Amino acid sequence: MRSTMTWRYAKQSLFFWTVRLVSLILALVLGGILFYIFANGLPAISWEFLTEPPRDSMTRGGIMPAILGTLYLTVGAILVALPLGIVSAVYLTEYAKQGTFIRIIRIGINCLAGVPSVVFGLFGLGFFVVFLKFGSSILAGSLTLGILILPTIIGASEEALKSVPQTFREASLALGISKWRTIYEIVLPSALPGILTGSILGIGRAAGETAPIMFTAAAFFTAKLPSSIFDEVMALPYHIYVLATAGTQIEQTRPLQFGTVLVLGALVLGIDLIAIALRSRMRRKKKW
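Enquirer: Would you mind showing me how to read the overall build of the protein chain here?
Expert: Each helix and strand counted, the protein chain has eleven helices and two strands in total. Summarising its shape, the C-alpha atoms of the protein chain cover approximately 70 × 60 × 35 Å along the three principal directions. By the burial criterion, 39% of the 288 residues in the protein chain qualify as buried. In the protein chain, of all internal contacts separated by at least 6 residues, the share reaching a separation of at least 24 is 75%. Of the side-chain charges in the protein chain, 24 are positive and 13 negative, and the distance between the mean point of each set is 15 Å.

Written out as structure tokens, the structure reads:
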């Protein structure tokens, strides 16, 4: 008996040390990548780099149009995906009769979450750009990115709604409150921190995607800022791709490439931190 317990403890200890070792390796790899980007990108960061458009075949100047374009597309994608995702999750969780049809819908949503982004880009090109005649624009890019992150937001919102105790709904309905008001005033506020978790994941993916905006919104170069949602824009992911693969002087623009990567990472991190702060504030207000 003692030998059996000793062997079990040994296996448990081996497993824990293996997990720690793998976690350490992953942390070191991630830290090395971040350090490499930071060390190579920091020298390129300046006020001129952040506030001016590119010049001299994009070998000089800054990336301000790309920064603003990324913000426009990311905010537009969230404005499209978040309401649709929440409404879809509310229907699937609170109203839909659970059965084969709903299971098929959930399988479809999960499958869409794993579809390569280039497929969404081609869909956006065919439907929004060509069929609806939006052209290469902020609107077409935002709609495409919104559809791209919609499955993630639906899945996270569903799980957040399911985590709200059923007794909340029963108590509200027992007081004579309608089902809609119960969902709107009790269930949704309680589930909002979890919904924001899905939104954070969506923000990170929307801001960093290249393929969808390449077909629907991004311009190779434009020095002017967009004046409407029907204008095309520069965007940081596509700008990085252009500098690294399609520029006229790739080696000369290498510092600009790393600087742009650093700015994109900081931008995504900043947006995520705002969402995380909102989520933490809402969680502190929970009484259960």
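Enquirer: Can you help me understand the confidence of the model for the protein chain in this one?
Expert: Detailed conclusions should not be drawn from predicted coordinates in areas where pLDDT is low. Considering every residue of the protein chain, the mean pLDDT works out to 85; 95% of them sit at 70 or more. Per-element confidence in the protein chain is highest for helix α5 (residues 117-131), whose mean pLDDT is 92, and lowest for strand β2 (residues 60-61), whose mean pLDDT is 78.

Enquirer: I tried to follow the packing of helix α6 (residues 138-163) against helix α8 (residues 179-208) on my own but got confused; where do I start?
Expert: Contact pair α6 / α8: the axes reach a minimum separation of 8 Å and the direction vectors enclose 150°. By the angle between their axes, α6 is roughly antiparallel relative to α8. Where α6 crosses over α8, the two elements pack in a sense that is right-handed. Of the residues in α8, those in contact with L145, L148, I149, T152, I153, A156, S157, A160 and L161 of α6 are V187, L188, A191, G194, I195, G198, S199, L201, G202, R205 and A206. A class-by-class count of the residues in the contact of α6 with α8 yields 13 nonpolar, six polar and one charged.

Enquirer: I would appreciate a short explanation of the pattern of salt bridges in the present structure.
Expert: Once the charged atoms of two side chains with opposite charge are near each other, the side chains can pair. Across all of its chains, the model carries four salt bridges by this definition. Here E94 makes a salt bridge to R169, at a shortest N to O gap of 2.7 Å. With E94 in helix α3 (residues 64-95) and R169 in helix α7 (residues 166-174), this pair connects stretches of sequence that are 75 residues apart. Across the pair, R169 and E94 agree in class, each one buried. Its salt-bridge partner being E185, residue R181 comes within 3.2 Å of it at the nearest N-O pair. Placement of both R181 and E185 in helix α8 is noted, with a separation of four residues, approximately one turn of the helix. Here E185 falls in the partly exposed class, since its relative accessible area comes to 43%.

Enquirer: Mind showing me how you'd approach the packing of aromatic side chains here?
Expert: Any two aromatic rings considered together are summarised by their centre-to-centre distance and by the angle between their planes. One pass over the full model with this rule turns up nine aromatic pairs. Among the aromatic side chains, those forming a connected cluster through ring pairs are F123, F127, F128 and F131. Against the face of W17 rests R20, its NZ or CZ located 5.0 Å from the ring centre. Directly above the ring of Y95 sits K179, whose terminal nitrogen or CZ lies 4.9 Å from the centroid.

Enquirer: How do you make sense of helix α4 (residues 100-113) when you look at a structure like this?
Expert: At 3.6 residues per turn, the α-helix brings residues three or four places apart onto the same side. Its 14 residues place the ends of α4 20 Å apart at the C-alpha level, agreeing with the 20 Å of an ideal helix rising 1.5 Å per residue. For α4, every residue scored as buried is listed here: I102, R106 and I109. Relative to the axis of α4, the buried residues are bounded by an arc of 55° and lie together on one face. Exposed residues on α4 whose side chains face more than 90 degrees from its buried face are T100, F101, R103, I104 and I107.

Enquirer: Whenever I open this one, unusual backbone geometry confuses me. Can you help?
Expert: Peptide bonds are, in most cases, trans, and in most cases residues other than glycine have a negative phi. Of note in this structure, K133 is not a glycine but carries a positive phi near 60°. Tracing the backbone shows K133 in the loop between α5 and α6. The exposure class of K133 is exposed, given its relative accessible area of 70%.

Enquirer: Help me understand the side chain of S157, please; the structure alone is not making it clear to me.
Expert: Topologically, S157 is positioned in helix α6. Residues in contact with S157, not counting those within four places in the same chain, are G85, I86, A89 and I195.

Enquirer: Help me understand the environment of A191, please; the structure alone is not making it clear to me.
Expert: Topologically, A191 is positioned in helix α8. Sequence spacing of A191 and A160 is 31 residues, and the spatial spacing of their C-alpha atoms is 5.0 Å. Setting aside anything within four residues of it in sequence, one finds A191 in contact with A160, L161 and V164.

Procedures and definitions
Residues numbered from 1 in each chain as written. Predicted model: local features only at pLDDT ≥ 70, side-chain atom pairs only at ≥ 80, totals over all residues. Heavy atoms only, no water. Helix = DSSP H or I, 4+ residues; strand = E, 2+ residues; numbered from the N terminus. Buried < 20%, exposed > 50% of the residue type's maximum accessible area, 1.4 Å probe, protein only. Contact = heavy atoms within 4.5 Å. Lys, Arg positive; Asp, Glu negative; His and termini not counted. Charge placed at Lys NZ, Arg CZ, Asp CG, Glu CD. pLDDT = per-residue confidence, 0-100. Axes fitted to C-alpha atoms, helices over the stretch in contact; angles between N-to-C directions. Parallel < 35°, antiparallel > 145°, perpendicular 65-115°, else oblique. Left-handed = near helix turned anticlockwise from the far one by under 90°. Nonpolar A, V, L, I, M, F, W, Y, C, P; charged D, E, K, R; others polar. Salt bridge = Lys/Arg side-chain N within 4 Å of Asp/Glu carboxyl O. Phe/Tyr/Trp six-rings, centres within 6.5 Å; stacked < 30°, edge-to-face > 60°. Lys NZ or Arg CZ within 6 Å of the ring centre and 35° of its normal. Expected span 1.5 Å × (residues − 1). Arc of directions from axis to C-beta.

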